[in-house]
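Analysis of the macromolecular model
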Amino acid sequence: MENRSSLSTLFLLALICASSVAAATDQFTKALNASCHKDDLKALLDFKSTITISSGRLKAWTGKQCCSWPTIRCNNKTGRVISLEIIDPYDAGDSIGYESATGSISPSLGMLSSLESLALSSLVGLSGEIPASIGKISTLKRLFLDGNNLTGPIPAAIGALSRLTQLYLEGNKLSQAIPFELGSLKNLRELRLESNQLTGSIPSSFGDLRRLEKLDISSNRLTGSIPGSIVSISTLKELQLAHNKIAGPVPSDLGKLSLLEVLDLSDNQLTGSLPSSLGNCKSLRNLWLSENELSGTIPVSWGSSSLVNLSVIDLSLNQLTGEVPSSLGSLRSLADFNIAHNKLA
């Protein structure tokens with residue numbers, strides 16, 4: 001009797017599971033076959049009219065069932081577009097071949113009110129400005145517009161995207177100052193603005209990005225100093241500001257960034273002494289401070305046993321004096337130590 005009861009229970013559970021799967025599949029099929037929401041359809045067709053993709057992937061964007069179109073993904077329940085991703089297939093590990101584009105980004109994309117991921121990456125010929133209307137997509141979590149030929153400023157409206165976790169705008173020709181409003185992106189974890197033509201100083205509001213793990217604004221035309229508020233980002237793992245014209249001192253309390261793994265401030269116009277507090281950065285692996293105007297001595301504290309992961313120190317092309325501390329001999333992971341072109345004894 002017990003065996004029959006157990007079998008009956010298992011059979012009932014199997015029926016429930018099968019019913020749930022069938023319902024989910026039916027729901028997904030209905031969403032896939034449903035006509036686009038009129039705003040989504042207009043946004044996508046407007047976008048298609050302003051851009052040409054070399055592989056012709058957008059030629060399949062016909063009819064009204066946009067959830068079945070390539071590069072588009074929809075929510076299974078609502079049928080609304082949640083993802084638009086067109087990237088160079090080589091970047092995606094695909095074998096389609098080299099991708100390029102001509103045209104610009106349609107402001108109508110701001111009508112995709114349920115969009116969570118927008119990726120238009122490495123399309124080379126994609127030009128024009130970033131539409132400020134993107135700042136209206138309050139659901140957006142990932143915005144990848146890297147590796148294109150975009151010009152003009154970074155829209156301050158992007159600062160309204162409170163759910164954004166990743167913002168990649170590197171490898172374009174963006175100019176003017178970095179908007180102060182980007183400091184409002186409280187959930188941002190990665191901010192990549194490198195290899196553009198940005199000017200002005202680093203906004204002090206970046207200190208409010210309390211979940212940021214990676215900040216890369218290297219290879220621009222930034223001036224001013226490193227804001228002291230940077231040390232408030234306790235989650236920071238990578239700070240890359242190289243190849244700019246940033247002046248002033250290296251913040252003395254950078255050692256508060258205990259999770260920092262990569263610090264690259266090379267090729268700037270930094271002055272003053274090397275912060276001894278860096279000896280507290282127990283996660284630090286790579287330290288690049290070359291090609292500045294740093295002076296004084298190498299801190300003895302850098303030979304701390306806390307820096308067990310430190311493998312690269314580059315202090316070349318500065319104005320350092322004194323002797324190399326013998327304490328650096330305790331850095332067992334150190335593989336690359338460059339102090340060339342200084343005034344060391």
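No experiment lies behind these values; they were computed from the predicted model shown. (Residues numbered from 1 in each chain as written. Predicted model: local features only at pLDDT ≥ 70, side-chain atom pairs only at ≥ 80, totals over all residues. Heavy atoms only, no water.)

**Overview of the pattern of salt bridges**
In this structure the tally under the stated criterion is nine salt bridges. Between Arg192 and Glu170 there is a salt bridge, with its nearest N and O atoms 3.6 Å apart. In this pair, Arg192 sits in strand E11 (residues 190–192) while Glu170 sits in the loop between strand E9 (166–168) and strand E10 (173–177), placing the two residues 22 residues apart along the sequence. For Glu170, a relative accessible area of 10% corresponds to the buried category. In this structure, Arg189 engages Glu213 in a salt bridge whose closest nitrogen and oxygen atoms are separated by 3.6 Å. Taken as a pair, Arg189 in the loop between E10 and E11 and Glu213 in the loop between strand E12 (197–199) and strand E13 (214–216) lie far apart in primary sequence, 24 residues in all. Look at Arg189 and you get partly exposed, because its relative accessible area is 36%. We classify Glu213 as partly exposed; its relative accessible area is 28%. Connected through shared salt-bridge partners, Glu170, Arg192 and Glu194 make up one network. (Salt bridge = Lys/Arg side-chain N within 4 Å of Asp/Glu carboxyl O. Helix = DSSP H or I, 4+ residues; strand = E, 2+ residues; numbered from the N terminus. Buried < 20%, exposed > 50% of the residue type's maximum accessible area, 1.4 Å probe, protein only.)

**Regarding the packing of aromatic side chains**
One pass over the full model with this rule turns up three aromatic pairs. Between Trp61 and Trp69 the ring centres are 5.3 Å apart and the planes differ by 20°, which places this aromatic pair in the stacked class. When sorted by exposure, Trp61 lands in the same class as Trp69, which is buried. Where Phe144 meets Tyr168, the ring centres are 4.6 Å apart and the plane angle is 40°; that geometry is what we call tilted. You can see Phe144 sitting in strand E7 (residues 142–144) and its partner Tyr168 sitting in strand E9, a full 24 residues away along the chain. Given a relative accessible area of 14%, Tyr168 falls into the buried group. Members of the aromatic cluster, joined through ring pairs, are Phe47, Trp61 and Trp69. (Phe/Tyr/Trp six-rings, centres within 6.5 Å; stacked < 30°, edge-to-face > 60°.)

**A word on the UniProt feature "domain: Leucine-rich repeat-containing N-terminal plant-type" (unreviewed entry) in the chain**
Those places that UniProt annotates as "domain: Leucine-rich repeat-containing N-terminal plant-type" (unreviewed entry) correspond, in this numbering, to residues 37–75. End-to-end, the C-alpha atoms of residues 37–75 are 12 Å apart, and along that stretch the chain is 33% helix and 15% strand. (UniProt positions renumbered as here; feature names shortened; annotations may be inferred.)

**A few points about the state of the cysteines**
Applying the stated criterion across every chain, the model contains two disulfides. Note on cysteine connectivity: Cys67 is disulfide-linked to Cys74, with sulfurs 2.1 Å apart. In this structure, the disulfide formed by Cys67 and Cys74 twists by about -95° around the S-S bond and is classed as left-handed. According to the relative accessible area criterion, Cys74 is buried, its value standing at 10%. The connectivity of the disulfides in the chain is 1-2, 3-4, where the numbers refer to bonded cysteines in sequence order. (Disulfide = S-S within 2.5 Å.)

**What about the side chain of Asp314?**
Locating Asp314 in the fold gives a position in strand E20 (residues 312–314). The buried charged residue Asp314 lacks any salt bridge, with Arg285 as its nearest oppositely charged partner at 15 Å. (Lys, Arg positive; Asp, Glu negative; His and termini not counted.)

**Looking at the environment of Pro179**
Tracing the backbone shows Pro179 in the loop between E10 and E11. Expressed as a C-alpha distance, the spacing of Pro179 and Ile202, which sit 23 residues apart in the sequence, is 9.2 Å.

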